Amino acid sequence: MPPAPGDREARREDVSRAVWHVLADKGFGGLTLRAVASAMGVSTGMLMHYFPTKRALVAHALDLLEKRTAERPRRERPAEGLAALGVMLLDILPLTADDTARNRIWVSSWDLALADDALGADQADRYTRMRSAIRPHLEAARDLGELPATADPEQLAATAVAFTHGLVVQALFDPGRFPADVQIAMLDGFLASIAVPRSDADAGSPAPDE
């Protein structure tokens, strides 16, 4: 017998906690109805009232992962420009144990997204939203003279995402080579590489007596 509506809602948080526990321990490769049911101490049959298929379970797990990512603690951001972009990208990198665990779960989901057209489209949409969130900071940086006047914020946003996620993957696979201080230094170097050289920026500023 399926659970009553009130019971169903009351158990939903328990289900989500169990799904997250399995994801944190085994990633998407170990996410099965049996594993989640075991984490909850219930039967697989009971869990199937919530997730009748493996795909339904995966979809819920991805929604949960996106929600946990959106709700994570974030650094205070400067108002605009490259400094704001730098802080935004720092929040993505695996600099803490929690950030590392969350990134490991995201990376483990990519195989599923590559094998499923709908999940792949969802992942592509996430990248589109990420680039859209980054672009205003680059536009502001260009207006502030931190970037060349000819800079293309759309292309730079794609480059920033590619750089950051490439660094995420390297840090996950080789944390000894890419500890937090190295990741931060590499990010600083990336931002410096797209910025107007300091001497050029200073040349465009008025002298104190002007």
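Residues numbered from 1 in each chain as written. Predicted model: local features only at pLDDT ≥ 70, side-chain atom pairs only at ≥ 80, totals over all residues. Heavy atoms only, no water.

**Structural notes on the packing of aromatic side chains**
Right, so step 1: Tallied over the full model, the rule gives one aromatic pair.
Right, so step 2: Between phenylalanine 163 and phenylalanine 190, the aromatic rings sit 4.5 Å apart at their centres with planes inclined by 5°, giving stacked as the arrangement. Separated by 27 residues along the polypeptide, phenylalanine 163 in helix 8 (residues 153-173) and phenylalanine 190 in helix 9 (residues 180-194) bring together distant segments of the chain.
Right, so step 3: One Lys or Arg, arginine 68, reaches over the ring of tryptophan 20 and ends 4.6 Å from the middle of that ring.
Right, so step 4: We note arginine 177 situated over the ring of phenylalanine 178; from NZ or CZ to the ring centre the distance is 4.8 Å. (Phe/Tyr/Trp six-rings, centres within 6.5 Å; stacked < 30°, edge-to-face > 60°. Helix = DSSP H or I, 4+ residues; strand = E, 2+ residues; numbered from the N terminus. Lys NZ or Arg CZ within 6 Å of the ring centre and 35° of its normal.)

**With respect to the confidence of the model for the chain**
Right, so step 1: Chain-level pLDDT for the chain is 88 on average; 90% of the residues reach the 70-or-more range.
Right, so step 2: Low pLDDT, under 50, characterises residues 205-210; the stretch is placed with zero contacts to residues that sit more than four places away or in other chains. (pLDDT = per-residue confidence, 0-100. Contact = heavy atoms within 4.5 Å.)

**Re the environment of aspartate 98**
Right, so step 1: Along the chain, aspartate 98 turns up in helix 6 (residues 97-115).
Right, so step 2: Taking the C-alpha atoms as reference points, aspartate 98 and alanine 24, separated by 74 residues in sequence, lie 9.8 Å from one another.

**Here we look at the packing of helix 6 against helix 8**
Right, so step 1: With their axes 10 Å apart at the nearest point, helix 6 and helix 8 run at an angle of 105° to one another. The angle between helix 6 and helix 8 places the two elements in the roughly perpendicular class. Contacts between helix 6 and helix 8 involve Thr100, Asn103, Arg104, Val107 and Trp110 from the former and His165, Val168, Val169 and Leu172 from the latter.
Right, so step 2: Tallied by class, the residues present in the contact of helix 6 with helix 8 amount to five nonpolar, three polar and one charged. (Axes fitted to C-alpha atoms, helices over the stretch in contact; angles between N-to-C directions. Parallel < 35°, antiparallel > 145°, perpendicular 65-115°, else oblique. Nonpolar A, V, L, I, M, F, W, Y, C, P; charged D, E, K, R; others polar.)

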